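# Residue-level structural notes
Letter by letter, the chains look like this.
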Amino acid sequence: MYTVQCIDCSYIFGDSEDEFGLCTECGKQQPASGSWATEETARIENLESEGKPAEAVAVAMELLYMATDVEYGDWSFAHRLAETIRRLCDAGGLSKESREHELHWKLIEANQMGGDQERTEAYERWRKSREG
Ligand SMILES: [Zn+2]
């Protein structure tokens with residue numbers, strides 16, 4: 001099961017709580033989604049503009065592993081990374097990297113609440129509704 005903890009007091013955020021807002025327990029403002037990886041995100045964009053999709057995907061995958069960490073998940077950022085990785089794989093014809101990426105998401109689905117597909121989809125819907 002995936003959880004998101006407060007950066008200060010290790011309070012674990014509930015499913016319907018905003019892990020980028022204030023901590024329910026100590027009131028600490030949590031860092032914005034992806035704010036911990038601005039340098040790497042810029043590097044991905046640079047590599048892409050230099051025509052190096054494979055290198056860009058490698059950096060993005062490293063970030064994705066961190067963003068989908070069981071304790072410090074940054075799901076909003078993870079979904080943005082997934083879009084970037086899929087786009088780069090398509091553009092660069094990177095089938096090996098693409099498979100590796102899809103496999104990672106399958107693993108996440110399997111881990112999430114004991115692999116309950118419905119629960120994962122409910123989470124996705126909730127996420128999307130908040131982004132809109
Ligand atoms: Zn806290």
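Structure report, in brief. (Residues numbered from 1 in each chain as written. Predicted model: local features only at pLDDT ≥ 70, side-chain atom pairs only at ≥ 80, totals over all residues.)

Attention now goes to the overall build of the chain. From N to C terminus, the chain includes 5 helices and 0 strands. Traced from its N-terminal end to its C-terminal end, the chain shows the element sequence α-α-α-α-α. Here the chain, with 132 residues, has 18% of them falling under the buried criterion. Taking the intrachain contacts of the chain between residues at least 6 apart in sequence as the baseline, contacts between residues at least 24 apart amount to 40%. (Helix = DSSP H or I, 4+ residues; strand = E, 2+ residues; numbered from the N terminus. Buried ≥ 20, exposed ≤ 12 C-beta atoms within 10 Å, placed from the backbone. Contact = placed C-beta atoms within 7 Å.)

This part takes up the nonpolar core. Generally speaking, nonpolar side chains in soluble globular proteins are found buried as a group. The biggest cluster of nonpolar side chains holds 15 residues, and the ones touching the most others in it are A60, L63, L64, L81 and I85. Where this core is concerned, the elements lending two or more residues are α2 (53-67) and α3 (75-92). The dominant element in this core, judged by the number of residues it contributes, is α2, at 7 residues. Leave out the neighbours within four places in its chain, and L63 touches A37, E40 and L81. (Core = buried A, V, L, I, M, F, W, Y, C linked by C-beta atoms within 7 Å.)

We now examine the environment of E102. Turning to its location among the elements, E102 is positioned in helix α4 (residues 95-111). Separated by 20 residues in the primary sequence, E102 and A82 place their C-alpha atoms 9.1 Å from one another.

On to the environment of E62, then. Within the secondary structure layout, E62 lies in helix α2. Overall, E62 belongs to the partly exposed group, with 14 C-beta atoms counted inside 10 Å.

Take unusual backbone geometry next. In this structure, S10 takes a positive phi of about 65 degrees despite not being glycine. Take S10: it is sitting in the segment before α1 (38-49).

Attention shifts here to α1. The end-to-end C-alpha distance of α1, which contains 12 residues, comes to 17 Å, matching closely the 16 Å that a straight helix rising 1.5 Å per residue would cover. Backbone geometry just downstream of α1 places G51 in the positive-phi region, at approximately 75 degrees. (Expected span 1.5 Å × (residues − 1).)

A few words on the environment of G93. Assignment of secondary structure puts G93 in the loop between α3 and α4. In sequence terms G93 and A54 are 39 residues apart; their C-alpha atoms lie 9.3 Å from each other.

Turning next to α2. With 15 residues, α2 extends 20 Å from end C-alpha to end C-alpha; this agrees with the ideal 21 Å at 1.5 Å per step. Of the surrounding elements, those touching the buried residues of α2 are α1, α3 and α4.

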